[in-house]
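# Survey of secondary and tertiary structure
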Amino acid sequence: MQSLSNRAKILEKKPMTLAERAYLPAIFQGLSITMRHFFSKKATIRYPEETRPFSPIFRGLHVLKRDEQGRERCTACGLCAVACPAEAITMVAGERKKGEEGLYREEKYAVSYEVNMLRCIFCGLCEEACPKAAVYLQADKMAPPRFERDEFIYGKDRLVEPVSPDARSQRGIQLTPEQAQALFNKMTQQAV
Amino acid sequence: MELPALGWQALVILVVFGVSLLIATYSTYAERVIAAFLQDRVGPDRAGPFGLLQPLADAVKLFTKEEFFPAGSNRALFVFGPCLAMVTALMASAVIPFGNYLQFGSTIIWLQGIEVNIGMLYIFGVVSLGVYGIMIGGWASNNKFSLLGAIRAASQNISYELAMGMALIAVLMVSETLSLRQITLQQSVPGEWYFWNVVKQPLGFIIFIVCAFAETNRTPFDLPECETELVGGYHTEYSSMKMGLYLFAEYINVFVASAVMSVLYFGGFNFPFQYELQAWLAESQGAVTAHNIITGLGVVTIFAKIFSFIFFFMWVRWTLPRFRYDQLMRLGWTILIPLAIFNILLTGGLILFNVIPQVPKWWLLQ
């Protein structure tokens, strides 16, 4: 039969030579190959201690951002929930009361905001849809494994950015250390 | 032999027993780490530093597993099988000389479980019994795959014992004794280190090591187990520590086979230039202390040799695929046995024409 690719090799079934029949040369060849691998660099990453470097455009766990004065940016407009192809986001909107101006930036805010991490496909469409630059997918955090399904529904307690600058994600709106310190002082005064 | 000497001997036997078990325990760990390294992985490293507690974790796991008895199995034989495999594996290490003697005042401690003048026959007898453990276990399981594995094990061991015994006969022709300690001592004539039997018997050593692989049911001759064809072979129905005993017995067999090869072919506890070193030490330390130091180094030497062989066993395991059954039988009966017979004839001829260096008579008479 004519070869179509001209790459076919014709194999002859020759009788084995004495060296081939004695097995030993082939065995030593094999042993040398495995010994080379014994000293080669290991592919293993010891996970909890070592992690693979994340890509700078990795889309990981969501975060709800605060603005420069530490107020929640989210206004509970629901555009992220509409944009979400996996329908992972639910929220309940509420009206800001007097005296809460330091907590919420807009007059309307999200009383609850939940993302179901089992439904979420981490596409980032919520991030694109948000008009207030409030929701971001962090490049350096993943949703960790858990034992119960309901633990994968992240509420505001786990989504809203912490006030302390050290614990913040490196992506999205950033505060300078001075801003963060000023914010921290302000928040502690309010609490008192 | 008065009582203190017997006490020391009992202690040595206890230590040899413990060391066999310890080495078998850590062989499981070494196997996994070496397998991992040969496959570009790092192996178990979670339990303890570098995963050194992994064998303990495995033991705990095995002990807490369900004790399962298959329906229609012979319960007594089902328990007896792994016990026999373990006992025979452990008994074999009794006659291996792990070192020369230590001398403290008038007390002399021989670093060997028991010295018998038929040590080699004893090892062969005990190791041959090991196949009964596999055979009984496979038979008592009341399972076709177990029985097939057991039959394979039996026929394989019988086939390869022949070639192994014949390779050994050539060694015995050279050394003219069955005592393992005598064979060891003959391999170190003062001033000459090339008296190791592997130099005199290269072909015999190759035959012996191939047969040792088959006798210990290690890859490429692990047909009794062959996970892919026989779902585990003779220990298909075994669970819990009974399974553990079978796995353990295999590693003890590997240890014993490595020790026997070190003693028979690689000079046992002898190492090059030991007599020069002993003479140099004797000048500053005195003859007795020098001898004790050399004996200690000899123990280190034989264990280094044993560990190299254990490493080689594992290295081969993760390199070569398994033989097909007809290939196994053809290799055993049509290649190794004729080769071994040829080796006997060759050795006989070489001894007759004084080509093989003879151990000097003055050294033999010691």
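Residues numbered from 1 in each chain as written. Chains lettered and ligands numbered in written order. Predicted model: local features only at pLDDT ≥ 70, side-chain atom pairs only at ≥ 80, totals over all residues.

By the naming in an unreviewed UniProt entry, chain B is NADH-quinone oxidoreductase subunit H, taken from Hymenobacter roseosalivarius DSM 11622. Turning to chain B, the UniProt annotation filed under Catalytic activity (unreviewed entry) states: "a quinone + NADH + 5 H(+)(in) = a quinol + NAD(+) + 4 H(+)(out)". Of chain B, the UniProt comment under Subunit (unreviewed entry) reads exactly: "NDH-1 is composed of 14 different subunits. Subunits NuoA, H, J, K, L, M, N constitute the membrane sector of the complex." (UniProt positions renumbered as here; feature names shortened; annotations may be inferred.)

Under an unreviewed UniProt entry, the name given to chain A is NADH-quinone oxidoreductase subunit I, and the organism recorded is Hymenobacter roseosalivarius DSM 11622. UniProt annotates chain A under Sequence similarities (unreviewed entry) with the comment "Belongs to the complex I 23 kDa subunit family." Note on chain A: under the UniProt heading Subcellular location (unreviewed entry), the record states "Cell membrane".

### Some details on the overall build of chain B
For chain B, the helix and strand inventory stands at 14 helices and two strands. Taken over the C-alpha trace, chain B has a radius of gyration of 22 Å; the compact-globule value for 366 residues is 21 Å, and the two agree within 12%. When contacts within chain B are restricted to residue pairs at least 6 apart in sequence, those whose partners lie at least 24 apart make up 81%. (Helix = DSSP H or I, 4+ residues; strand = E, 2+ residues; numbered from the N terminus. Rg over C-alpha atoms; globule rule 2.2 N^0.38 Å. Contact = placed C-beta atoms within 7 Å.)

### With respect to the UniProt feature "transmembrane region" (unreviewed entry) in chain B
All names here are of chain B. The UniProt entry lists residues 6-29, 77-99, 119-141, 162-181, 193-214, 251-273, 293-316 and 328-356 under the feature "transmembrane region" (unreviewed entry), expressed in the numbering used here. Secondary structure within residues 6-29 divides into 100% helix and 0% strand; the distance between the first and last C-alpha atoms comes to 35 Å. With 96% helix and 0% strand, the stretch residues 119-141 has end C-alpha atoms that lie 34 Å from each other.

### Observations concerning the packing of helix H5 (residues 144-175) of chain B against helix H8 (residues 202-215) of chain B
All names here are of chain B. Relative to each other, H5 and H8 sit at 150°, their axes nearing to 9 Å. Put simply, H5 runs roughly antiparallel to H8. Where H5 crosses over H8, the handedness of that crossing is left-handed. Of the residues in H8, those touching H5 at Gln156, Asn157, Tyr160, Glu161, Ala163, Met164, Ala167, Leu168, Ala170 and Val171 are Gly204, Ile207, Phe208, Cys211, Ala214 and Glu215. (Axes fitted to C-alpha atoms, helices over the stretch in contact; angles between N-to-C directions. Parallel < 35°, antiparallel > 145°, perpendicular 65-115°, else oblique. Left-handed = near helix turned anticlockwise from the far one by under 90°.)

### Structural notes on the interface of chain B and chain A
The interface of chain B with chain A comprises eleven residues on the first partner and eleven residues on the second. Across the side of chain B that touches chain A, the residue classes tally to six nonpolar, two polar and three charged. (Nonpolar A, V, L, I, M, F, W, Y, C, P; charged D, E, K, R; others polar.)

### A short note on the sheet that holds strand S5 (residues 153-154) of chain A
Residue and element names in this part refer to chain A. With antiparallel pairing, three strands are arranged side by side in an open sheet as S2-S3-S5. Of all the strands in the sheet, just strand S2 (89-95) and S5 have a single pairing partner and so form its edges. Pairing geometry for strand S3 (residues 108-116) and S5, over two bridges, is antiparallel. Across the sheet, residue Asn116 finds its bridge partner in S5, namely Ile153. (Pairing = 2+ DSSP bridges.)

### With respect to the confidence of the model for chain B
Confidence in the prediction of chain B, expressed as mean pLDDT, is 85, and 95% of residues score 70 or more. Across the whole predicted complex the pTM is 0.78, and at the interface the ipTM reaches 0.76. (pLDDT = per-residue confidence, 0-100.)

### Describing the UniProt feature "binding site: [4Fe-4S] cluster 2" (unreviewed entry) in chain A
All names here are of chain A. UniProt records the feature "binding site: [4Fe-4S] cluster 2" (unreviewed entry) at Cys84, Cys120, Cys123 and Cys126, using the numbering of this structure. These residues run over 43 residues, yet every pair of their C-alpha atoms falls within 10.5 Å of each other. Assignment of secondary structure puts Cys84 in the loop between helix H3 (79-83) and S2. Residues in contact with Cys84, not counting those within four places in the same chain, are Ile89, Leu125 and Cys126.

### Observations regarding the environment of Lys156 of chain A
Residues and elements named next belong to chain A. Position of Lys156 relative to the elements: it lies in helix H5 (residues 156-159). Classification of Lys156 as partly exposed rests on a count of 15 C-beta atoms within 10 Å. As a C-alpha pair, Lys156 and Tyr47 span 109 residues in sequence and 29 Å in three-dimensional space. Sequence-distant contacts of Lys156, that is, excluding residues within four places in its chain, are made with Leu64, Ser112 and Tyr113. (Buried ≥ 20, exposed ≤ 12 C-beta atoms within 10 Å, placed from the backbone.)

### Overview of the nonpolar core
Counting residues in hydrophobic clusters, the biggest one holds 86 residues, and the most contacted among them are Ala163, Ala167, Cys211 and Phe255 of chain B. For this core, the element with the most residues is helix H10 (residues 240-265) of chain B, which contributes 17 residues. Excluding residues within four positions of it along the chain, Phe255 of chain B makes contact with Ser20, Ile23, Ala24, Ser27, Ile306 and Ile310 of chain B. Counting residues in hydrophobic clusters, the runner-up holds 21 residues, among them Leu61, Val63, Tyr104 and Tyr109 of chain A. (Core = buried A, V, L, I, M, F, W, Y, C linked by C-beta atoms within 7 Å.)

### Remarks on the UniProt feature "binding site: [4Fe-4S] cluster 1" (unreviewed entry) in chain A
All names here are of chain A. Listed under "binding site: [4Fe-4S] cluster 1" (unreviewed entry) in the UniProt record, and renumbered for this structure, are Cys74, Cys77, Cys80 and Cys130. In summary, the annotated positions, though distributed over 57 residues, converge in three dimensions, the widest C-alpha pair being only 10.5 Å. Note that Cys77 resides in the loop between strand S1 (62-64) and H3. Among the secondary structure elements, Cys80 is positioned in helix H3. Looking at Cys80, the number of C-beta atoms within 10 Å reads 24, which means it is buried. Here Cys80 is in contact with Ile89, Cys126, Ala129, Cys130 and Val135, once residues within four sequence places are set aside.

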